[in-house]
Amino acid sequence: MERVIDGPSVRTLAARAAGAGGVPKLSFTLEVTSERYFRLGATVKSAHNGGMDPISPLEQALHAARALVLADLVAGRVAEADVVSLVEESVVQRRWWVEQWPEGAQYVAGLVAQDVQDALLERYGRWPLCPVCGTGDPHALEVQPELGPDPHWVCSEAGVKVAALGSLGDALGGAAPS
Ligand SMILES: [Zn+2]
């Protein structure tokens, strides 16, 4: 019994275990698990291919969010393959989120838009650029409300609603330079 690990070592190991494990790792595992589950589910669903199961309101909200954000990416001519994958990543994460909080379904579109905006800012730059202000530094539109239904693109500099999410193409009109 004297040959077991001495006290200080045990405490160090325990501290390491606590530091390395704990909540962050657990939530990461949960997220990965749900991602796998839903990817599997999507595969099974498309294999069935009959529309026999009604699409849940949650799935409808996620489909709508994806479609709206993709429409605005297309309008801004940034819907390249790797950008589309950013949308998919966000949808996967928000699917998990809204599973935990179904009342948030109507907020998902605005959140996906903001996720994609943040991801684009890191990798590409500001999106979507404000089409309203002709002068001054180029600036991005913001999603308002940040957490609410019926999200819009808003220019905070001019203080105007530019377009509903998904309708950015209308705001850009035919005036966008190619
Ligand atoms: Zn502006």
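Residues numbered from 1 in each chain as written. Predicted model: local features only at pLDDT ≥ 70, side-chain atom pairs only at ≥ 80, totals over all residues. Heavy atoms only, no water.

**Student:** Kindly report on the overall build of the chain, identifying the contributing residues and their values.
**Tutor:** Check the secondary structure of the chain and you find six helices and three strands. Reading the chain from its N terminus to its C terminus gives the helix and strand order α-α-α-α-α-β-β-β-α. For the chain, the residues scored as buried account for 31% of the 178 residues in total. Partitioning the contacts of the chain with sequence separation of at least 6, the portion at a separation of at least 24 is 52%. (Helix = DSSP H or I, 4+ residues; strand = E, 2+ residues; numbered from the N terminus. Buried < 20%, exposed > 50% of the residue type's maximum accessible area, 1.4 Å probe, protein only. Contact = heavy atoms within 4.5 Å.)

**Student:** An account of the sheet that holds strand 3 (residues 160-164) is requested, with residue identities and associated values reported.
**Tutor:** The strand order across the open sheet built from three strands is 1-2-3, with neighbouring strands paired in antiparallel fashion. With partners counted over all chains shown, the strands left at the sheet margins are strand 1 (142-144) and strand 3, one partner each. Neighbour-to-neighbour, the strand axes of this sheet turn through a mean angle of 40 degrees, independent of strand direction. Lying over the sheet, helix 5 (residues 108-123) contacts strand 1 and strand 2 (152-155), oriented at roughly 165 degrees with respect to strand 1. (Pairing = 2+ DSSP bridges. Axes fitted to C-alpha atoms, helices over the stretch in contact; angles between N-to-C directions.)

**Student:** Would you mind going over the nonpolar core in detail, with residue names and values included?
**Tutor:** Ranked by internal contacts, the top residues of the largest apolar core, which has 31 residues, are Leu73, Val112, Val116 and Trp153. Elements with a contribution of two residues or more to this core: helix 3 (57-75), helix 4 (81-100), helix 5, strand 2, strand 3 and helix 6 (168-172). Not counting the four nearest positions on each side in its chain, Val112 is found in contact with Ala65, Val69, Val87, Ser90, Val91 and Arg94. (Core = buried A, V, L, I, M, F, W, Y, C linked by side-chain atoms within 4.5 Å.)

**Student:** Explain helix 3 to me, using residue names and the numbers behind them.
**Tutor:** Helix length check: helix 3 (19 residues) gives 27 Å between terminal C-alpha atoms against 27 Å at 1.5 Å per residue, within 8%. Turning to helix 3, its buried residues number three or more, namely Leu58, Glu59, Ala61, Leu62, Ala65, Arg66, Val69, Asp72, Leu73 and Ala75. Looking one or two residues past helix 3, Arg77 carries a phi angle of roughly 60 degrees, positive in sign. (Expected span 1.5 Å × (residues − 1).)

**Student:** Quick rundown of the coordination of the zinc ion? Include the residues and the values.
**Tutor:** Reference values for angles at a metal are 109.5 degrees in the four-donor tetrahedral case and 90 or 180 degrees in the six-donor octahedral case. Binding of the zinc ion to the protein goes through Cys130 (SG), Cys133 (SG), His139 (NE2) and Cys155 (SG), at separations of 2.1 to 2.3 Å. Around the zinc ion, the four donor atoms are arranged such that angles at the metal cover 103 to 116 degrees; this shape is classified as tetrahedral. Spacing between the donor residues of the zinc ion along their common chain follows C-x2-C-x5-H-x15-C. Taken together, the residues span a long stretch of sequence, with Cys130 in the loop between helix 5 and strand 1 and Cys155 in strand 2 at a distance of 25 residues. Accessibility assignment for this pair places Cys130 and Cys155 in one class, buried. (Donors = N, O, S within 2.8 Å, 3.2 Å for Na, K, Ca; no water. Tetrahedral: all angles 85-135°; square planar, octahedral: opposite > 155°, others 65-115°.)

**Student:** Describe helix 5, with residues and values.
**Tutor:** Since one α-helical turn is 3.6 residues long, residues separated by three or four positions face the same way. With 16 residues, helix 5 ought to run about 22 Å at 1.5 Å a step, and its terminal C-alpha atoms sit 22 Å apart, in line with that. Counting buried residues along helix 5, 12 of its 16 residues qualify, which places the element largely inside the surrounding structure. By the burial criterion, the buried members of helix 5 are Val108, Ala109, Gly110, Leu111, Val112, Ala113, Gln114, Asp115, Val116, Gln117, Ala119 and Leu120. The inward-facing, buried residues of helix 5 abut helix 3, helix 4, strand 1 and strand 2. Trailing helix 5 by a residue or two, Gly125 shows a phi angle of about 135 degrees, which is positive.

**Student:** Describe in detail the environment of Gly104, supporting the description with residues and values.
**Tutor:** Along the chain, Gly104 turns up in the loop between helix 4 and helix 5. What makes Gly104 buried here is its relative accessible area of 0%. Along the chain, Gly104 and Pro149 lie 45 residues apart, while their C-alpha atoms are 9.0 Å from each other. What Gly104 contacts, discounting residues up to four positions off in sequence, is Trp97 and Val98.

**Student:** Which residues make up the pairing of strand 2, and what are the values?
**Tutor:** With burial as the criterion, each face of strand 2 is covered, one bearing His152 and Val154 and the other bearing Trp153 and Cys155. Where strand 1 and strand 2 come together, three bridges link them in antiparallel fashion. Considered in strand 2, the bridge of Val143 is made with Trp153. As defined by bridge partners, strand 2 adjoins strand 3 across four bridges and the pair is classed as antiparallel. Each bridged residue has a counterpart across the sheet, and for Cys155 the counterpart in strand 3 is Val160. Hairpin connection from strand 2 to strand 3: four residues lie between these consecutive antiparallel strands, with Gly159 at a positive phi of about 70 degrees.

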